[in-house]
Each structure stands twice: as C-alpha cells, then as structure tokens.
Amino acid sequence: MATIKDIAKLAGVSHGTVSNVLNKRGNVSVEKIEAVYQAAKQMGYQLNTQAQLLRTNKSHKIAILLPQLVCEKYSIFFNSLRQTLAHFPEVTYELFLTDSLETAELEALQKIAAGGYKQVITVSCLKDATIYFDTLKLPPSQIAFIYRRPKNAQCFFTLDFVQAAKAISRQIASISGELVGIFTDNYHYLNSQTFVDELQNKLKKIAPNKKCVVLCATDEESYKTAFDFFSMEKIPEIFIAEDIEKARYLTQANYFGSSSDCAPIFTLSDNIPSVLTGLYCFPMNYAQLGLEVIDELMQEKDEQTLNGTQNITCVHNVNDHLYTALPLATHVEKEDASLNLLILPSPSTSALKKILPHFYRQTGIKVNLAIHPYDEVYQILDQLHLHPYYDLLRMDIACFPWFAQRVLQPLDKIGHGLADLLKNFSLPTQQKFGLVNNIAYAMPFDASAQLLFYRKDLFEDPILKRMYYEKTGDELIVPTTFEEYDRITQFFTENHEEGNLSRPMGASTTLGSAGLIATEYLLRYYEQGGRLINEDGIPKLIMPLAGDVLKEYLHQLPITENIYGKWWSESVKQFEQGHLAMLIAYMNLFNDVAHTNIVPKIGFASVPGGVAQLGGGVLGVSRYSEKAHYAEQFYRWLYSPMVMDHLILLGGNSNHQNFSHNQEVSHRYPWMSLAYQEINKGIRESSAPNGNLFNLRKAEVIIGQGITNVINHIMTIEETIEYINQRLLDDTQDER
C-alpha cells in the first residue's frame, strides 16, 4: 500500500506538503495540491477519514440504541437521524439494536463505554437512567432518551401523543360503537402511558357511552396478543393501535380469528400513511423528532449550568387530520360538472395533475387544465371577457393585485365563503398572495421566492479554493453581495473547461424575455436600496443608482452563460446538468431538480443583498364563472392537509404553515425551510404605499425593453433610464 512518503516522492514535494494537502491545512500552492492529488490517485492511495478526524481531535462518535428497525416509528426516526447527521461530516455513528431486552441493552452499554462515544441516543427499556450515567461516564445532557423516559433521565424527546389522542377521540366520538379496544406498547413506557391515559380521559368526557379495554404487548408479542381481542366475550367495535404494525396485526387477527368484518381501526402512522377504507391514520412526525434530537445534541452546552436540569422536548405533529379512504361525498351526476382551470406549466401544475383523479372520485367534478405559457396566460387575463369559459385562474403574483378586482370574485362570495382557508398561511403570505386592499381575492398556490443555488462540491474543492485565493486574496465562500457574486462568477468562467463538470461556467443570465431581464436587473437594484415605487406612488427608477446598477448588470453579461429562453427553465436545466456553478432562481421552479443526481452537491442561500423578489402565483375564481358551488368544493379539497401534503411530496410548492417545519419535506426539498423565511420577508412591488395599484407586469416589460436597448447599443445608459421612466409614467398614468 502506498505511503505518504511514496506520494511525496512521486509528486516531487516534501513529506510535510503531502501531509498538509491530505489534511487540508497549510499554505500550499495550487500546483502542489494538484501534484499531490494526482500522485495519490495514481498510487491508489485513499485518505483514511476516520484517522484524519482522530489526528485533528475532531472525532465525534454517537451511539444509537433502538429496539429494532421494523417498526416505522423507529426506522423513520433513525433515517432522519442519518440524514441530519450527513450535514456534520466530523460526526460518525454506530447503531445498536436491543429488541427491547434489558440484557441486550446492558451488553450494548458495555461496548459503548469502551468505544469512546461522546453522545448517546436511545429508546431504552430500562426503568432507571442512572445505569447509563454510571456506565458511560457521560454528562446526562449528552444522553438523549427517546419516547420512553426512565427514572432520572434528564434529556428526553418525544412526540405529542396527547395531541394524537385528542384528535382520535374526537373522531371516535362521532361514530357508532360502544366498546373501544386499545392496543398499545408496554404501559410503563411513558409514550404509551400518556397515549392511553389521554384517550380514556378524553373519551370519558366527550363520549361517556364508550367503554375501553386495553391490551399491552411488546413488539415481539403483538401478533399473538392481537388475537386476544377476538377471544373476548364481546369483540370491540372500534380499535385504536399505537402504531401501524399493531394495526396490521389487528387486521390479520380479525381475518383469521373472527367471522365478522374488521371494525374501524384508528392508528398512529408516519406522514405518508396508507389510505384505506376503515383505517384511520394520525400522522406522527417521526422524522422531525430525529431532526430535533440532532439539533439539540450538536449545540454547545455549559455542562456545569445544565447539571441536574431537565430538558424535555415534545415535538408537535404536523396537523390534527386523520387519513382514511373517504366514501364519495356529494357526487355530481350532471354532464357539465366540470371546472376549467387556466394555469401555466410548473412543478406544482404537474403535481396537481397527478392527484386530480382523487377530486373527481370524491365529487364527480372534472377539472380541465388549460396549460399555457406565461405570456399567453397574461394575455388571456388581460382580455378575460373573451374567455368567459374559465372558472379558475392561476395568475402570477406580479399581476395579481392589478387583475384581482377586475377579473376575480372575492373569496367570501364563493359558495359559503372561502376566506377562512387563508388562516393556514402566515400573515405576510396572506397579505401578498391573497389580499388586495384588505379583500381576500385568492389563495396562495405556489408562493415562491428567489434563492441562490450553488455547487457545494466546487466551493469546497481545495484546488479551486486555493486558485481563488491566489487570484483575489479572498476565501472562496458563498457570496452575500453582488460584488462578490460577480467576482466569483468571473473566476469560474475564466477557468471554464467545456465538458468538464468540475470547471463549469460561473452563472447564467436569461435574455429571451423583457420581463425576465427586468427581474434579474431589479434584484441588483433592490440590493442597493432602490425601489420601483416611491412615496408619490409613481413607478420610477432613481438616478444615479439605477444607472450604476445597470452598468454592473452589463459588466456581468460577458462572464455569464447568456441564455435566450423565454423562461428560466433552461437556466435551471443547465445548473441541473452541472454546467453552472451558481444560479439565482425562484424555488418553485427548482423542485424538479430535487429528484436528480446533483442534489447532494447543491447548496442554497439567500440571494446576494438579502432582498429576494417574490414569485409563484395565486389561485382565484373568475368573475365570469357560474360554478361557485363546484369551485368551493375544489378549494376545500385542494387546501385540505391530506391533499396539500401530497401535492408538496409530488414536487409541488406551498407556503402552507403545516409543512414549514416538516422534516420529510425538508429532506426532499432542503431549501424549503429557507424559502418559507424568504417568502415572508420578500418583495414584489405591485402596489403603491397608498394602496393604489398598477400593472407591475407591464412595468417589468418596459424596464426589460429599455435594458435591451442598451445591450443592443441603441441607447446609452442615461437615455435608457430616461426612456424607461417616461414610459412608466405614460403607460401607467391611466392605470394608477
């Protein structure tokens, strides 16, 4: 096996230089870094990452003890731990499975004590946590007990089993049947005890006619114990299971041990439960629990201050909705039971198309999607009286305030009223994607904001980092200003090698549409403190700032990939294929990338300057539609928790508050959490401070056309800004 000495000889450098390169330290030139890497690769040398961590005193090992990985409450929790720990490269972990046996758990503790672990995450079957402290000699704050809380445990994490019990009890109170069979884990475990006690107490209050019978069993004994329910003198008419595995055992026990159809089963499940008739699933946030545990353990702590204090974390579940296969609701038999939806192509549109058969099955109402490009949608909205056959309209946020009062029905006038649905969104989202002059006209459909996406692998590449330092004297880090962004763009573009994904172009500029040009220009304008709408309510670019920003915009054109597309889809495609180092894009256009191989390499951050423009659109009902009753059903269906989370999981986008901290969604689309924050503080100037409206879409086209005149050398910068401002004044005078 090759040694460091062998590599040094082949590379023609010193032993110390090789050590510095492999351990990513020291002031080593680009040439020497490349020579060492090439020699190491040629000799088949692989850096021992674990040894490197030990040498640099960064070794951080976590022991994870779980009963098993068959049950989803353990497997999903563990998968979340694994995914979250991937963000901490200095951390390693080892999994120990105990089968909830004390002897197995005690044996695992002896191995952990001898293994140099710094922290422990455990679902323990022991009654007292003291043995952990005595055996492992770790501070109590570094041992996280999950679900079950032994005596003396100081750091404890669980889910909100009280919330689950209340939601299930409310549902059970509304259905027939008096005897309720509760199937749970060992009662002395805190999660099971809390769940059962709350079920019994709640049912006693709201459904005193219901009587409960409780059976407890370990995971290994659950199958046999399930049959005991069907040996009772009176078989329960309703079942409640603590997890989906116990629910499955109940169906099997009923099939083989009873001559009757299975009674309704209410169970706790993960966030993507089975949807079956007779099975009512309450989604528990197992994945979010894993994220919360790692977030807590990775924080710096003052052990003296924490000594003896209890740290109890109860993670709230996503919502109170129970999933089940509902019978047909108000199925419509009329031939014209349909809605026509005008919409543009997007990941959210594709996701909606996939789940629309469910709406038809539930209501008998067919939704016809009329998918048109952005400009065509705008033209139709501008002359909607020529298209009275559209019932539902998806319109961009840039033109929503301008069109709302002209073409939409207020939400409270549709059927029995729909404005209550807005409460599921943050107040800023409601104001920007729903209200116009304090009247609710639409619901947020795919609310979005600009983000900076970048190739993490490039920004972490030691050779590129050294090259950038030698060129600029600065560290290669994610840009926070456009000055830094342009400098980094130029660096990557100057080192671009066609066909080499390790040497892509720096960034892209989209030039195929005046509206897109304006959007990319205004982002830079906002960074410098500029605003399109001033206190007088008249749209205007302010000089000399507008001219200075335009100069910056023009200077970056030669160093970016100029893409002449009418939408950002080609830019996103270029980034997805690895041809760009950075990309500023609306995150609702980016969700499809989440399913590609480049995802592990993607980093994301706020846009340079921190003032993101809002994007995406809203969903409203056309003033010409006479199908308000059908539209009301569609809105109630679409914005139900059950449908909305499937829309998101299928690649759609929503700023619905229920999913802003959902670990499962965050793992699939890791930029979502940041996007929620940016949407709440983002900007899109479609109305004046005094409430007057103007056509932002038209203003953006005017700005883009003016910038195109400079690009084509038809006007100077000063002439262009004057031209833009005059047209803004003339073309919006009658519209303000």
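As the structure is a prediction and not an experimental result, all values here were calculated from the model.

### A word on the confidence of the model for the protein chain
Point 1. Summarising the model, the protein chain shows a mean pLDDT of 87, and 92% of its residues fall at 70 or more.
Point 2. Low pLDDT, under 50, characterises residues 48-57; the stretch is placed with 13 contacts to residues that sit more than four places away or in other chains.

### Digging into the environment of Ile365
Point 1. With respect to the helices and strands, the residue Ile365 is situated in the loop between helix 14 (347-363) and strand 13 (366-371).
Point 2. C-alpha separation for the pair Ile365 and Ser338, spaced 27 residues apart in sequence, amounts to 5.0 Å.

### Things to note about the domain arrangement of the protein chain
Point 1. Partitioning the protein chain into structural domains gives domain 1 (4-55), domain 2 (161-284), domain 3 (338-447 + 620-657) and domain 4 (449-614 + 686-735).
Point 2. If you average the C-alpha positions of domain 2 and of domain 3, the two centres end up 38 Å apart.

### Focus: the state of the cysteines
Point 1. Scanning the entire structure with this criterion turns up zero disulfides.
Point 2. Here Cys262 stays free of any disulfide, with the sulfur of Cys281 as its closest cysteine sulfur at 13 Å.

### Section: the packing of helix 8 (residues 161-173) against helix 9 (residues 190-206)
Point 1. Close contact between helix 8 and helix 9 brings their axes to 8 Å; oriented N to C, the two are set at 35°. The crossing of helix 8 and helix 9 is right-handed. Along its contact with helix 8, which presents Phe161, Val162, Ala164, Ala165, Lys166, Ile168, Ser169, Arg170, Ile172 and Ala173, the element helix 9 presents Asn191, Thr194, Phe195, Glu198, Leu199, Lys202, Leu203 and Ile206.
Point 2. Considered class by class, the residues forming the contact of helix 8 with helix 9 number 11 nonpolar, three polar and four charged.

### Considerations on the pairing of strand 8 (residues 238-241)
Point 1. Covered by surrounding structure in strand 8 are Ile238 and Ile240 together with Phe239 and Ala241, the residues of both alternating faces.
Point 2. As paired elements, strand 6 (residues 179-184) and strand 8 share four bridges and run parallel to each other. When the sheet's bridge partners are listed, Gly181 is paired in strand 8 with Phe239.
Point 3. Note: strand 8 against strand 9 (residues 265-269), three bridges, orientation parallel. Paired with Phe239 across the bridge in strand 9 is Ile265.
Point 4. You can see the chain leave strand 8, run along helix 11 (residues 244-257) and come back into strand 9, and the turn it takes is right-handed.

### A short note on the sheet that holds strand 13
Point 1. Here five strands make up an open sheet; going across it, the order is 13-12-14-24-17 and the pairing mixed. Since the sheet does not close on itself, it has two edges, and those belong to strand 13 and strand 17 (443-444), each with one partner.
Point 2. For strand 17 and strand 24 (residues 617-621), the ladder comprises two bridges, and the chain directions are antiparallel. The residue of strand 24 that forms the bridge with Met443 is Leu619.
Point 3. Sheet strands touched by helix 24 (residues 628-638): strand 12 (338-343), strand 13, strand 14 (392-396), strand 17 and strand 24. Its angle to strand 24, the strand with the most contacts, is close to 150°.

### Some points on the packing of aromatic side chains
Point 1. One pass over the full model with this rule turns up 35 aromatic pairs.
Point 2. Between Tyr223 and Tyr249, the ring centres sit 5.7 Å apart and the planes meet at 75°, which makes this aromatic pair edge-to-face. Pair noted here: Tyr223 is in helix 10 (residues 222-226) and Tyr249 is in helix 11, with a separation of 26 residues, a long-range link.
Point 3. Here the aromatic rings of Phe634 and Trp637 are separated by 5.7 Å at their centres, their planes lie at 35°, and the arrangement is tilted. Highlighted residues: Phe634 and Trp637, both in helix 24, separated by three residues, approximately one helical turn. In this structure, Phe634 and Trp637 share a single accessibility class: buried.
Point 4. Each residue in the set Phe359, Phe425, Phe634, Tyr635, Trp637 and Tyr639 is aromatic and connected to the rest through ring pairs, giving one cluster.
Point 5. Its end group placed over the ring of Tyr189, Arg148 keeps NZ or CZ at 3.8 Å from the ring centre.
Point 6. Directly above the aromatic system of Tyr249 lies the positively charged group of Arg248, at a separation of 5.8 Å from the ring centroid.

### Things to note about unusual backbone geometry
Point 1. Pro544 follows Met543 through a cis peptide bond whose omega is 5°.
Point 2. Turning to its location among the elements, Pro544 is positioned in the loop between helix 21 (514-527) and helix 22 (545-556).
Point 3. Phi is positive for Asp99, close to 55°, though the residue is something other than glycine.
Point 4. With respect to the helices and strands, the residue Asp99 is situated in the loop between strand 2 (91-97) and helix 6 (102-113).
Point 5. On the accessibility criterion, Asp99 (37% relative accessible area) is partly exposed.
Point 6. Residue Ser100 is not a glycine yet carries a positive backbone phi of 55°.

What counts, and at which threshold
Residues numbered from 1 in each chain as written. Predicted model: local features only at pLDDT ≥ 70, side-chain atom pairs only at ≥ 80, totals over all residues. Heavy atoms only, no water. pLDDT = per-residue confidence, 0-100. Contact = heavy atoms within 4.5 Å. Helix = DSSP H or I, 4+ residues; strand = E, 2+ residues; numbered from the N terminus. Domains from an automatic or database assignment. Disulfide = S-S within 2.5 Å. Axes fitted to C-alpha atoms, helices over the stretch in contact; angles between N-to-C directions. Left-handed = near helix turned anticlockwise from the far one by under 90°. Nonpolar A, V, L, I, M, F, W, Y, C, P; charged D, E, K, R; others polar. Buried < 20%, exposed > 50% of the residue type's maximum accessible area, 1.4 Å probe, protein only. Pairing = 2+ DSSP bridges. Right-handed = clockwise from strand over helix to strand, strands pointing away. Phe/Tyr/Trp six-rings, centres within 6.5 Å; stacked < 30°, edge-to-face > 60°. Lys NZ or Arg CZ within 6 Å of the ring centre and 35° of its normal.

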